[in-house]
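# Notes for the structure review
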Amino acid sequence: MASPFLYFADDRLSPAELSAACLDGDLVGLGDAYIPADAVETAALRAGSLGPRLGDSLAATHLTAAWIHGALPQPPSRHTVQRAVSRRLHRTPDRQLVYRDLAVPASDLQIIGGIRVTTPLRTLVDLARTDDERHARAARLLAAGRPDVLAPAIARLESGVLPHKRLGLALLRGMMAARDQEEVTR
């Protein structure tokens, strides 16, 4: 069930009514939807705003999952998604999505706001293994907000066979060393 705080174009209000409500200061944009200006932006609202785009067969991953978990202040310009079901999709996902056809195991998913999102642990592992400064920054922000997932992410990379494992381990171990050094100097 969609949140009563999320407004989508042509759902309860027309695009013209939504624009007018934004101009009046009653609504603000959030992802693919609008929320009341005085509503608290939560992970459930961020995730729910992507519900019509992702449906039941796609899961939010990488930068999109980091935004949903609250590590990033703004959504990415293109949302990253992966299959959340074992069967192949017979429809072409939205062209504004970065789509990865590999299915995400159910153990790495959680439901937030009615859509599937990779867990903070899986999100951190995915971000760390991507050779891009935006992803590295998002990994650092996610680890800062969720320090409990840093050690398990390192352990997961050490025990698994994953692409770009060395890159991810270097980034995560560097964050762990910086955190340990900070604790020592306190």
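Residues numbered from 1 in each chain as written. Predicted model: local features only at pLDDT ≥ 70, side-chain atom pairs only at ≥ 80, totals over all residues. Heavy atoms only, no water.

## A short note on the pairing of strand E2 (residues 33-36)
- By the bridge criterion, four bridges tie strand E1 (residues 27-30) to E2 in an arrangement that is antiparallel. Paired with Leu30 across the bridge in E2 is Ala33.
- As consecutive antiparallel partners, E1 and E2 are separated by two residues, and within that stretch Gly31 has a phi angle of approximately 60°, a positive value. (Pairing = 2+ DSSP bridges. Helix = DSSP H or I, 4+ residues; strand = E, 2+ residues; numbered from the N terminus.)

## Some details on the nonpolar core
- Membership of the largest hydrophobic core comes to 44 residues, with the highest contact counts inside it found for Leu54, Ile68, Ile115, Val117, Leu124, Leu172 and Met175.
- Among residues more than four places away in sequence, those in contact with Ile115 are Ala47, Leu50, Gly51, Leu54, Ala60, Ile68 and Gln110. (Core = buried A, V, L, I, M, F, W, Y, C linked by side-chain atoms within 4.5 Å. Buried < 20%, exposed > 50% of the residue type's maximum accessible area, 1.4 Å probe, protein only. Contact = heavy atoms within 4.5 Å.)

## Let's talk about the environment of Thr61
- One can find Thr61 in the loop between strand E3 (58-60) and helix H4 (62-68).
- We classify Thr61 as buried; its relative accessible area is 0%.
- For the pair Thr61 and Leu97, spaced 36 residues apart in the sequence, the C-alpha separation amounts to 11 Å.
- Those residues in contact with Thr61, other than ones at most four positions away along the chain, are Thr80, Val81, Gln82, Val104 and Thr118.
- Within the structure, Thr61 has its side chain in polar contact with the side chain of His62 (distance 3.0 Å). (Polar contact = N/O pair within 3.5 Å; in protein donor to acceptor, adjacent residues only side chain to side chain.)

## Quick word on the side chain of Thr80
- Here Thr80 is to be found in strand E4 (residues 79-83).
- In this structure Thr80 comes out as buried when scored by relative accessible area, which is 5%.
- Once you skip the residues sitting within four places of it in the chain, Thr80 turns out to touch Ala59, Ala60, Thr61, His62, Thr64, Val98 and Arg100.

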